[in-house]
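# Descriptive analysis of the structure
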Amino acid sequence: MSQNCEEKFVNTQMWSLFRKKFKSETTEASYWSDIREFCRITGKEFTESDSSDVRKYYNRMNDQVRDGRLSRITLTKKFRELHSYASFLMEQGEYLEEREHDYFYPYLKTMTKESALAGAVPVEEMDALLKAASDDRMVYTILTLMYRAGMTSTEIIGISGEDDFIEYDDGVYATISGREEPCYIPDDAWIILKEYMDQRLVCDTLFYNRSGRPLNTMYISRMMKKYCSLAGIRNYSAQAVRNSCAFNMFAYGASDGQTARQMGRTEQQIRRYRGSLYRENLQKQASALVKIHIEKP
């Protein structure tokens, strides 16, 4: 890739090493464009930038987000690329040797959380949605599992029955297909779920339609539209309700790792449970941080 007038901003030797990691010319071009943009705005070589330069760049980009000229996703992409390049330079001993993290990292950490929480349902509107669904025990239970346990609509409609839930000394867990770790069910959600299971019909799946057949994602989508309308709130998706679980956990101090495990978004397993106790259960600890509880309808 041509370096031309940008050579004064970027160490061409380091860039030549860094660019070898890319398999796609499109990806390489994206990184190169964003690195040049950063250097152009700061007016400095990349390796000479400091926290004030990164703040200046962030403020400039954030202004574009507020003006609608740049999406939040694109801003996150830019900082992810700049963080990646800065980390590479640190590994090579070319950048910020005295620091553990580069200056882009704190911004990126916040953006990653914001991206994960996009579309979360405000607490007062979630309360209105639950109130609207209080006359339908199945719908109320489904919303509860999304909101408090962070389960997806696909995971919920795939639950076979009571046998998919295991009660240990420290709480109840759901075995979910595709997850490496069982999903912790908070106590308030378990109370609601148990009452639903006590009165449901015996069918092939835990949740079913009027014909006793398994639900599908289209059913969940129509369900959300119906009850959002009844609640008098905007039309939220099932994903937005699930996102709210992560939002609440972050709001009350849960770590990225704790939240990821509850949401089933990590491939790294925590300690396996032995006997009837799930040792050092970070999921339950994280859920206990949240002060929001759902009452029975």
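In the block above lies the structure referred to throughout.
Turning our attention to the layout of surface pockets. Its boundaries defined by the atoms lining it, the largest pocket holds a volume of some 410 Å³. Taken together, 16 residues make up the lining of the largest pocket; nearest its centre are Asp 136, Met 138, Tyr 208, Arg 210 and Tyr 219. For the lining of the largest pocket, the elements supplying multiple residues, two or more each, are helix H7 (137–149), helix H9 (187–199) and helix H10 (217–231). Grouping the constituent residues of the lining of the largest pocket by class yields eight nonpolar, three polar and five charged.

Scanning the model with the defined rule gives 20 aromatic pairs in all. Each ring, one from Phe 165 and one from Trp 190, has its centre 5.9 Å from the other, and the planes form 45°; the classification is tilted. Of the two residues, Phe 165 sits in strand S1 (residues 165–168) while Trp 190 sits in helix H9, which places them 25 residues apart along the sequence. Here the aromatic rings of Tyr 168 and Tyr 173 are separated by 5.7 Å at their centres, their planes lie at 65°, and the arrangement is edge-to-face.

All right, on to the pattern of salt bridges then. Enumeration according to the criterion identifies 13 salt bridges in this entry. Lys 78 is paired through a salt bridge with Asp 34; the nearest N and O atoms lie 2.8 Å apart. Here the residue Lys 78 occupies a position in helix H4 (residues 72–91), and Asp 34 occupies one in helix H2 (residues 25–42), the gap between them amounting to 44 residues. Asp 34 matches Lys 78 in its accessibility class, with the two residues each being buried. Here Arg 148 and Asp 188 are joined by a salt bridge, their closest N and O atoms 2.8 Å apart. Remark: Asp 188 occurs in helix H9 and Arg 148 occurs in helix H7; sequence separation between them is 40 residues. For the pair shown, Arg 148 and Asp 188 are each scored as buried.

As for its position among the elements, Phe 9 is in the segment before helix H1 (12–18). Along the chain, Phe 9 and Ile 35 lie 26 residues apart, while their C-alpha atoms are 9.1 Å from each other. When residues no more than four places from it in sequence are discounted, the contact partners of Phe 9 are Cys 39, Arg 40, Gly 43, Lys 44, Glu 45 and Phe 46.

Between the first and last C-alpha of H10 there are 21 Å, a value that for 15 residues agrees with the 21 Å anticipated at 1.5 Å per step. Buried residues of H10: Ile 220, Met 223, Met 224, Tyr 227 and Cys 228, and no others. One face of H10 carries all of its buried residues, which in axial projection span an arc of 120°. Among the exposed residues of H10, those oriented more than 90 degrees off its buried face are Ser 229 and Leu 230. Looking at where H10 begins, the residue whose side-chain oxygen comes 3.2 Å from the main-chain nitrogen of Met 218 is Asn 216.

The rules we used
All chains use their own residue numbering, which begins from 1 and follows the written sequence. Since the coordinates come from a predicted model, pLDDT governs what is reported: local features require at least 70, and pairs of side-chain atoms require 80 or more to be given and counted, while whole-chain, interface and lining totals use all residues. For side-chain calculations, the full set of non-hydrogen atoms in the structure is used, while hydrogens and water are omitted. Two kinds of site are reported from a 1 Å grid over the protein atoms alone, namely cavities, where a 1.4 Å probe fits but cannot get out, and pockets, open sets with protein on both sides within 12 Å along at least five of seven lines, and residues are called lining when an atom falls within 4 Å of a point. Grid points are joined across faces, edges and corners, and a volume is the space filled by probe spheres set on the points. Numbering of helices and strands runs from the N terminus; a helix is a DSSP stretch of H or I covering at least four residues, while a strand is a stretch of E covering at least two. Any residue outside Ala, Val, Leu, Ile, Met, Phe, Trp, Tyr, Cys, Pro, Asp, Glu, Lys and Arg is labelled polar, Gly included; the first ten of those are nonpolar and the last four are charged. Whether two aromatic rings pair depends on their centres lying within 6.5 Å, for rings of Phe, Tyr and Trp, where Trp uses its six-membered ring; planes under 30 degrees apart make the pair stacked, over 60 edge-to-face, and the rest tilted. By definition here, a salt bridge exists when the distance from a side-chain nitrogen of Lys or Arg to a carboxyl oxygen of Asp or Glu is within 4 Å. Relative accessibility thresholds used throughout: buried, under 20% of the residue-type maximum; exposed, over 50%; partly exposed, between the two (1.4 Å probe, protein chains only). By definition in these notes, contact holds between two residues if any of their heavy atoms fall within 4.5 Å. By this rule, a helix spans an expected 1.5 Å times one less than how many residues it contains. The directions considered for the arc are those from the helix axis to the C-beta atoms. Polar contacts here mean pairs of N or O atoms no more than 3.5 Å apart (in protein, one a potential hydrogen donor and the other a potential acceptor; neighbouring residues in sequence count only if both atoms are side-chain atoms).

Keep in mind that these numbers describe shape and distance, not what the molecule does.
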